[in-house]
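Read off the chains here:
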Amino acid sequence: MYKISLVFCCLFLYVSNVLASTFSKEGVAKTIYLQVPQQTNPRIAYGVNKLQAVLESIGYKVYTNANTSKPQIWIGTQQALNNSNTLSKKESFRLYKSAQTPLQVIGFDESGVLYGCLELAERIKQQKAVPQTLVYQDQPEMVLRGTCVGMQKPTLLPDREVYEYPYTEKDFPWFYDKKLWIRYLDMMVENRYNSLYIWNGHPFASLVRVKEYPYAVEVDDATFKKNEEMYRFLTEEADKRGIWVIQMFYNIIVSKPFAEHHQIKTQDRNRPIVPLIADYTRKSIAAFVEKYPNVGLLITLGEAMEGVGQDDVDWFTKTIIPGVQDGLKALGKTTEPPIVLRAHDTDAPRVMKEALPMYKNLYTMAKYNGEALTTYTPRGSWAELHRKLSQIGTVHIENVHLLSNLEPFRYSSPDFIQKCVQAMHNVYGANGLHLYPQASYWDWPYTADKTSERLLQIDRDAMWYKTWARYAWRANRPAIEEQQFWKSYLGKEYGLATNQAQGILDAYNETGEIAPKLLRRYGITDGNRQTLTLGMLMTQLINPYRYGLFTMLYESEAPEGEMIIEYAEKDWKGQKHIGETPVQVADEVVVHGRKAQEAIDKIAKNVTKNTAEFKRLQNDVHCYNAMAQFFSEKVYAALDLVRYKYSNQLSDLEKALPHLERSVEHYSKLVELTKDTYLYANSMQTKQRKIPMRGVDATFIHWKEMLPVFQKEVTRLHTVIDSLKQSSGKVIKEIQYLKPAQVQLVDASLTTYPLTSNQKVFSDTSIVIQGIAPELKNLSGIILSKKAQITKGTEITFKTDKPVKVLVGYFNEKIGIYDAKKSDFLPKPQLEIDASANNFGQAESKITNAMLLGDWPPVNIHTFSFEAGTHTLSLAKGVCLVLGFVDGSQEIKIFDAGFAGNQKNIDWTVE
């Protein structure tokens, strides 16, 4: 009997608690009435549903549009509510409640109502009550706030080139995962992102059929139907959340079936615009617009086209825009879908000037810090381009692109990111954000973490998305407010008190300075051909021009300062140093790393939530610390080596040795920290990867692969020092003569010339060779027409019975890759703008300063490798030299021949 009574009492108390959560003190049910527009927009409906769910979670019974004269919450646009026009900007909203009025959620437009509902829901969730008085108004600063997802992969598909990835379940199973998309879109709307970019080289052949080219579709019928369904699903779900879907594509790329049908290449940077491809592209765009009229387009004119020139303007104004207009005409519509013009390898201001008279709904986009994150003080010619685009009068969008220097460690420094967004406004004059994943873009949706079950980027890098979104909405937030906000966020994430969460915030902010400083002061490029976290070779530090130094990294994407070679020369000459120096950064990153590690280790024992993820974050902080010390020691070694270049004193090499040894010790620590925690450092694992080592077929993607390379440098320097001691410091250079290869030139009219001084090299100019590296003396160059090279480009077809390398000489004139004014000289291969620039192993200069011709710039020699067979060397428009053929099996030692007045080469000391 006693047990029954006890059970009854417990049951009574439980029911009482349930009823108490549903009834007020007066015994009346807690009800709330929402008044919303009768014709509810999907965005408003989504916001109302989110608000209703929160109200129900704290015990309210919610009625929408009930037959009552006193609704407690009014929801709608200011026009629908006949409210005074206090809101004037898209997506703005106002929350208002006084003692005499019901709570109002008022939006300038449907997106404003959506954001107002989300804001109110968050306040109710935190306070666990409906506010009784409230006056709050908010609006975004940036017009577009977007993220991107790449339909790309870490490696190339068989028999395909870069960017060529059809939409299939085999290659992109995640694309067909609706639950994953819902999670991602919910993350976006929670952070108030309003645009989603889908990146792909040629998406049309996976999404539309063109009746004139039925053979162009590159997926089977079942997949095509699934793609249609997924695209409709994605765009509809995105629209509910106020998100505009934008499809990106490159130019000029055609589908593989189309290329095979017409016996052409899918992409050829040197190919001029031809009617067939223009018609196919125009009709593909028209079919896409007709099928998906609410989807925007992001256009990359450069990359797979020749780049800056009239072709850019013609392709945009005579193919792309007419294609969009054709699609609208087929629909019987006049409302123009937005087109975003990406300022990559194109003269975007010129293209916009020509395009705006014929199409008004245009946007521009350019990379913020190239394909990396380096500074919040951008300057120089790159900043000027951004300002010029911002001043056109359309919205200019900042693309935080690829983040090659951040892969793969966690990065979410609120301090650094806030300053970057402020620079977007204040320096660039921009008003939009396009955000790449923090790491592993090519491996979406997964991270590089080595775990039993692959981690998702939206989980691991949630703070990355939250941080950029917060400052894209409003950049100038008080420092004290931001400290409190992030400590509160991190405290909840890891079960820490607010003061303890400061340790994680400090670690994020300290590590946030390391990778940006390292790349902008020591790097070769801002592009994805360099994987910063894998380190750098000593030769890359002491002879960066050998590796195709991308000077914009130093001139625009870094504070004013000096490279290692500049600092060492000034130091030797006793000259004053300017700006941020290599020594300064070497010291600062060590301090950042030590402070970050101390801060996060100090609070580690207090973490009570998400402990596995915290340990991974803590490990990343230790990785940053080891990486900072590795670079610091190696930079000090590099400075001593470069000093030897001037002093010729063995003591300078001896000073460098212990620094180099300690750098390897720190790198060994980095290997230990990553061997069981990471699958790779770089998510792009193709031949485009060049620094620190060429990454072919997913090689040199992990730190453990690089350690022997760095150990070999130490061994070599030891050997050199011992050898110089025995030879009294004298260096004897051994000349490596290149072996000519016999080939048959298909064009019998082509003639050759010996590579000797005073020899004429063009058929239509009198310029002659004045100086040449002796290594070339056995070779014969091909006489070409300078005028024809400028107007038509260069094509040489040849037959060979064995593998050969073709030597091409590029004139080393410093022309920025984004300069509108194009030089007559053929630009050297640059992976920053041309993903095919290493298809034949031609990206790296083999012999720098190899020749001098009159008052022309010195010549750098690159090689193109070909197997046995018949081939055509095809080069874009511009003057260059074709300096003959060498045996494909001969390894060409990389060196500087010195025909530019430069000092002696010292690469041999470490390789």
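A brief structural summary. (Residues numbered from 1 in each chain as written. Predicted model: local features only at pLDDT ≥ 70, side-chain atom pairs only at ≥ 80, totals over all residues. Heavy atoms only, no water.)

**A look at the overall build of the protein chain**
(1) Moving on: Looking only at helices and strands, one finds 24 helices and 25 strands in the protein chain.
(2) Moving on: In summary, the protein chain has a C-alpha radius of gyration of 31 Å against a globular reference of 29 Å for 911 residues, a match within 12%.
(3) Moving on: A principal-axis box enclosing the C-alpha atoms of the protein chain has dimensions of 105 × 65 × 55 Å.
(4) Moving on: Intrachain contacts of the protein chain at a sequence separation of at least 6 include 76% that bridge at least 24 residues.
(5) Moving on: With the model as given, the accessible surface of the protein chain reaches about 37,200 Å², and the carbon-plus-sulfur share is 51%.
(6) Moving on: Averaging the coordinates of the 107 positive side-chain charges in the protein chain and doing the same for the 102 negative ones gives two points 3 Å apart. (Helix = DSSP H or I, 4+ residues; strand = E, 2+ residues; numbered from the N terminus. Rg over C-alpha atoms; globule rule 2.2 N^0.38 Å. Contact = heavy atoms within 4.5 Å. Areas by Shrake-Rupley, 256 points an atom, 1.4 Å probe, with all protein chains shown as cover. Lys, Arg positive; Asp, Glu negative; His and termini not counted. Charge placed at Lys NZ, Arg CZ, Asp CG, Glu CD.)

**Re the nonpolar core**
Side chains that are nonpolar tend, in soluble globular proteins, to be buried together.
(1) Moving on: Residues Trp181, Phe316 and Trp468 are the most contacted members of the largest nonpolar core, which totals 212 residues.
(2) Moving on: The greatest single-element share of this core, amounting to 18 residues, is contributed by helix H21 (residues 611-647).
(3) Moving on: Setting aside chain neighbours within four positions, we find Trp468 in contact with Tyr193, Leu373, Val400, Ile417, Cys420, Val421, Met424, Leu433 and Leu435.
(4) Moving on: Among the nonpolar cores identified, the runner-up in size contains 30 residues, and Tyr60, Tyr115, Ala121 and Leu134 belong to it. (Core = buried A, V, L, I, M, F, W, Y, C linked by side-chain atoms within 4.5 Å. Buried < 20%, exposed > 50% of the residue type's maximum accessible area, 1.4 Å probe, protein only.)

**What to know about the sheet that holds strand E15 (residues 744-745)**
Sheets are built from strands that pair by backbone hydrogen bonding, the pairs being arranged parallel or antiparallel.
(1) Moving on: As summarised here, the arrangement of the 3 strands in space is E15-E19-E23, forming an open sheet in which the pairing is antiparallel. In this open sheet, the two strands that pair with only one neighbour each are E15 and strand E23 (869-875).
(2) Moving on: Of the strand pairs in this sheet, strand E19 (residues 794-800) and E23 are connected by 7 bridges, and their pairing is antiparallel. Looking across to E23, one finds that Lys799 is bridged to Thr870. (Pairing = 2+ DSSP bridges.)

**Here we look at the pattern of salt bridges**
(1) Moving on: For the coordinates displayed, the defined rule picks out 49 salt bridges.
(2) Moving on: Of the charged contacts in the structure, one is a salt bridge between Glu237 and Lys240, with a shortest N-O distance of 2.9 Å. Taken together, the residues span about one helical turn, with Glu237 and Lys240 both in helix H6 (residues 221-240) at a distance of 3 residues.
(3) Moving on: Residues Arg410 and Glu613 are paired through a salt bridge, measuring 2.7 Å at the closest nitrogen-oxygen approach. Here Arg410, found in the loop between strand E13 (396-400) and helix H12 (414-426), pairs with Glu613, found in helix H21; they are 203 residues apart in sequence, far enough to count as distant. The pair Arg410 / Glu613 is uniform in exposure class, with both members buried.
(4) Moving on: When salt bridges that share partners are traced, they join Arg410, Asp449, Arg460, Asp461, Glu613, Arg616 and Asp620 into one network. (Salt bridge = Lys/Arg side-chain N within 4 Å of Asp/Glu carboxyl O.)

**With respect to the pairing of strand E8 (residues 195-199)**
(1) Moving on: Most of E8 sits out of view: 5 of its 5 residues are buried.
(2) Moving on: Here E8 shows two buried faces, one formed by Ser195, Tyr197 and Trp199 and the other by Leu196 and Ile198.
(3) Moving on: Relative to E8, strand E7 (residues 144-150) runs parallel, the two being bridged by 5 bridges. When the sheet's bridge partners are listed, Val149 is paired in E8 with Ile198.
(4) Moving on: Viewed along the sheet, the connection from E7 through helix H4 (residues 178-190) into E8 turns out right-handed.
(5) Moving on: In this sheet, strand E9 (residues 244-251) lies alongside E8 in parallel orientation, the contact comprising 4 bridges. (Right-handed = clockwise from strand over helix to strand, strands pointing away.)

**Examining the packing of aromatic side chains**
For any pair of aromatic rings, geometry is given as the distance between the ring centres together with the angle between the planes.
(1) Moving on: Applying the stated rule across the entire model yields 54 aromatic pairs.
(2) Moving on: Where Tyr165 meets Phe172, the ring centres are 6.3 Å apart and the plane angle is 80°; that geometry is what we call edge-to-face. With respect to class, Tyr165 is no different from Phe172; both count as buried.
(3) Moving on: For the ring pair Tyr411 and Phe416, a centre distance of 6.5 Å and an interplane angle of 85° mean the geometry is edge-to-face. There is no split in this pair, since Tyr411 and Phe416 are both buried.
(4) Moving on: Every member of this aromatic cluster is reached through a ring pair, and the members are Tyr165, Tyr167, Phe172, Trp174, Phe175, Tyr176, Trp181, Tyr184, Trp444 and Tyr465.
(5) Moving on: We note Arg192 situated over the ring of Trp473; from NZ or CZ to the ring centre the distance is 4.6 Å.
(6) Moving on: Lying over the aromatic face of Phe485, Arg470 brings its terminal NZ or CZ to 3.6 Å of the ring centre. (Phe/Tyr/Trp six-rings, centres within 6.5 Å; stacked < 30°, edge-to-face > 60°. Lys NZ or Arg CZ within 6 Å of the ring centre and 35° of its normal.)

**Topic: the sheet that holds strand E2 (residues 61-64)**
(1) Moving on: In space, the 6 strands of this open sheet follow the order E2-E1-E3-E5-E4-E6, with mixed pairing throughout. Sheet topology places E2 and strand E6 (134-138) at the edges, where each strand pairs with a single neighbour. Going across the sheet, the axis of each strand differs from the next one's by a mean of 15°, ignoring polarity.
(2) Moving on: As defined by bridge partners, strand E4 (residues 93-97) adjoins E6 across 5 bridges and the pair is classed as antiparallel. Looking across to E6, one finds that Phe93 is bridged to Asp138.
(3) Moving on: Lying over the sheet, helix H3 (residues 110-127) contacts strand E3 (73-77), E4, strand E5 (103-107) and E6, oriented at roughly 50° with respect to E4. (Axes fitted to C-alpha atoms, helices over the stretch in contact; angles between N-to-C directions.)

**Some details on the layout of surface pockets**
(1) Moving on: Space inside the second largest pocket adds up to approximately 1,500 Å³.
(2) Moving on: Together, 36 residues line the second largest pocket, and Glu122, Glu190, Asn191, Lys466 and Phe485 are the ones closest to its centre.
(3) Moving on: Here the element with the most residues in the lining of the second largest pocket is H3; it accounts for 8 residues.
(4) Moving on: Residues that form the lining of the second largest pocket fall into these classes: 13 nonpolar, 5 polar and 18 charged. (1 Å grid on protein atoms, 1.4 Å probe; cavity = no way out; pocket = protein on both sides within 12 Å on 5 of 7 lines; lining within 4 Å. Points joined across faces, edges and corners; volume = space filled by probe spheres on them. Nonpolar A, V, L, I, M, F, W, Y, C, P; charged D, E, K, R; others polar.)

**Description of the environment of Tyr441**
(1) Moving on: Structurally, the position occupied by Tyr441 is in the loop between strand E14 (432-435) and helix H13 (457-460).
(2) Moving on: Among the polar contacts listed, one links the side chain of Tyr441 to the side chain of Gln152, at a separation of 3.4 Å. (Polar contact = N/O pair within 3.5 Å; in protein donor to acceptor, adjacent residues only side chain to side chain.)

**Concerning empty space enclosed by the protein**
(1) Moving on: For the structure on display, the rule yields 7 cavities of 30 Å³ or more.
(2) Moving on: Counted as a void, the largest cavity has a volume near 140 Å³.
(3) Moving on: Lining the largest cavity are 20 residues, and of these Tyr163, Glu371, Leu402, Trp442 and Asn528 lie nearest its centre.
(4) Moving on: Here the lining of the largest cavity is composed, by residue class, of 10 nonpolar, 5 polar and 5 charged.

**With respect to the side chain of Asp345**
(1) Moving on: Summarising the element assignment, Asp345 is placed in the loop between strand E11 (339-342) and helix H10 (348-355).
(2) Moving on: With a relative accessible area of 3%, Asp345 lands in the buried category.
(3) Moving on: Side-chain polar atoms of Asp345 contact the side chain of Arg269, separated by 2.6 Å.

**Describing the environment of Ala596**
(1) Moving on: The topology assignment puts Ala596 in helix H20 (residues 582-603).
(2) Moving on: Each C-alpha atom of the pair Ala596 and Gln618 lies 9.4 Å from the other, and the pair is 22 residues apart in sequence.
(3) Moving on: Among residues more than four places away in sequence, those in contact with Ala596 are Ala507, Glu510, Thr511 and Val621.

**Things to note about the packing of helix H16 (residues 498-522) against H21**
(1) Moving on: In the contact formed by H16 and H21, the axes pass within 10 Å of each other and the chain directions differ by 35°. The crossing of H16 and H21 is left-handed. Contact residues: Ile504, Ala507, Tyr508, Thr511, Ile514, Ala515, Leu518 and Tyr522 in H16; Phe614, Leu617, Val621, Tyr624, Met627, Ala628, Phe631 and Val635 in H21.
(2) Moving on: Residue composition of the contact of H16 with H21, grouped by class: 15 nonpolar, 1 polar and no charged. (Left-handed = near helix turned anticlockwise from the far one by under 90°.)

**So, the pairing of E4**
(1) Moving on: In terms of residue burial, E4 counts as a mostly covered element, since 4 of its 5 residues are buried.
(2) Moving on: One ladder, built from 4 bridges, connects E4 with E5; its direction is antiparallel. The residue bridging Leu95 from the neighbouring strand is Val105, located in E5.
(3) Moving on: Hairpin connection between E4 and E5: a loop of 5 residues separates the two successive antiparallel strands.

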